[in-house]
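# Structural overview
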Amino acid sequence: MKVIPLVIGVSLGVSALTVSFASKANDQLAVSLCEYIAADDKRRIRSTLKSSRVKIRNVYDSVQCNGNNMLRHAIASNAVDAGEFIVKSLPKSALEDGADIAWAESNGHGGSALIAAIKKRAGL
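To keep things clear, this report deals only with the structure shown in the data block. For every chain, the first residue of the written sequence is number 1, and numbering continues from 1 along that sequence. Per-residue local features of the predicted model are confined to residues with pLDDT of at least 70, and side-chain atom pairs are confined, for both listing and counting, to 80 or more; whole-chain, interface and lining totals are unaffected and use all residues. Only hydrogens and water are set aside; all other atoms, that is, all heavy atoms of the structure, feed into the side-chain values.

### Looking at the overall build of the protein chain
The helix and strand labels rest on DSSP assignments: H or I over at least four residues marks a helix, E over at least two residues marks a strand, and numbering proceeds from the N terminus. Along the protein chain, the regular secondary structure elements total seven helices and zero strands. Order of helices (α) and strands (β) in the protein chain, N terminus to C terminus: α-α-α-α-α-α-α. Accessibility here uses a 1.4 Å probe with only protein chains present; expressed as a share of the type maximum, an area under 20% marks a residue as buried, one over 50% as exposed, and anything in between as partly exposed. Looking at the protein chain as a whole, 35% of its 124 residues are labelled buried. By definition, residues are in contact when any of their heavy atoms lie within 4.5 Å. Taking all contacts inside the protein chain whose residues are at least 6 apart in sequence as the whole, residues at least 24 apart take part in 67%.

Shown next as structure tokens:
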């Protein structure tokens, strides 16, 4: 009879640790991606994504860099290579609303080379 509560207790403890480690790994992935975008290092972005077995389209909505999504962070950082990689990795539907273009124009980044890449990919 004492074995069942012990098994339940151990499984709860292990699952709590697993959630904690996953959360820290996700935070580290987001920090790494933001740093590599700011440095315009497309190679390291690819490497980080590949080693984490993650695609940009799967983490795009959850990763925030200085309060912006990854594409807006690339525009603000003038990271053309990294930004073009992000644009090519996202589905067209994520770019069709033009919100990133409107954000860039309202924040003084309307002349960015990434705006043309977004418009081309989205068909705008």
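### A closer look at the packing of helix α6 (residues 99-106) against helix α7 (residues 113-122)
Angles run from 0 to 180 degrees between N-to-C directions of axes, and those axes are lines fitted to C-alpha atoms, restricted for helices to the stretch in contact. The geometry of α6 relative to α7 is characterised by a closest axis approach of 10 Å and an angle of 160 degrees between their N-to-C directions. Judged by the angle between their axes, α6 and α7 are roughly antiparallel. Pair α6 / α7 crosses with left-handed handedness. Facing α6, whose interface residues are Asp100, Ile101, Ala104 and Glu105, α7 presents Ile115, Ile118 and Lys119. Residues are grouped as follows: Ala, Val, Leu, Ile, Met, Phe, Trp, Tyr, Cys and Pro are nonpolar; Asp, Glu, Lys and Arg are charged; every other residue, Gly included, is polar. Of the residues contributing to the contact of α6 with α7, the split by class is four nonpolar, no polar and three charged. Every angle not falling under 35 degrees, over 145, or within 65 to 115 is termed oblique; those three ranges are roughly parallel, roughly antiparallel and roughly perpendicular. When the near helix sits turned anticlockwise from the far one by under a right angle, the crossing is termed left-handed; a clockwise turn instead gives a right-handed crossing.

### Overview of unusual backbone geometry
Although it is not a glycine, Asp40 adopts a positive phi angle of roughly 55 degrees. Along the chain, Asp40 turns up in the loop between α1 (3-38) and α2 (42-52). Unusually for a residue other than glycine, Arg53 sits at a positive phi of about 55 degrees. Within the secondary structure, Arg53 sits in the loop between α2 and α3 (56-59).

### Concerning the state of the cysteines
Note on terminology: pairs of cysteine sulfur atoms within 2.5 Å are recorded as disulfides. Evaluated as defined, the whole model comprises one disulfide. Between Cys34 and Cys65 runs a disulfide, and the two sulfur atoms are separated by 1.9 Å. For the disulfide bridge between Cys34 and Cys65, the dihedral angle about the S-S bond is near -80 degrees, and by the sign convention the bridge is left-handed. On the criterion of sequence distance, the pair formed by Cys34 in helix α1 and Cys65 in the loop between α3 and α4 (70-76) is long-range, its members being 31 residues apart. One exposure class covers both Cys34 and Cys65, and it is buried.

### Digging into the environment of Ala99
In this structure, Ala99 sits in helix α6. Take Ala99: its relative accessible area is 32%, and that puts it in the partly exposed class. The spatial distance from the C-alpha of Ala99 to the C-alpha of Arg72 is 10.0 Å, given a sequence separation of 27 residues.

### Considerations on the side chain of His73
By secondary structure assignment, the location of His73 is in helix α4. Dropping the residues within four chain positions of it, His73 is found in contact with Cys34, Ile37, Ala38, Cys65, Asn66 and Asn68.

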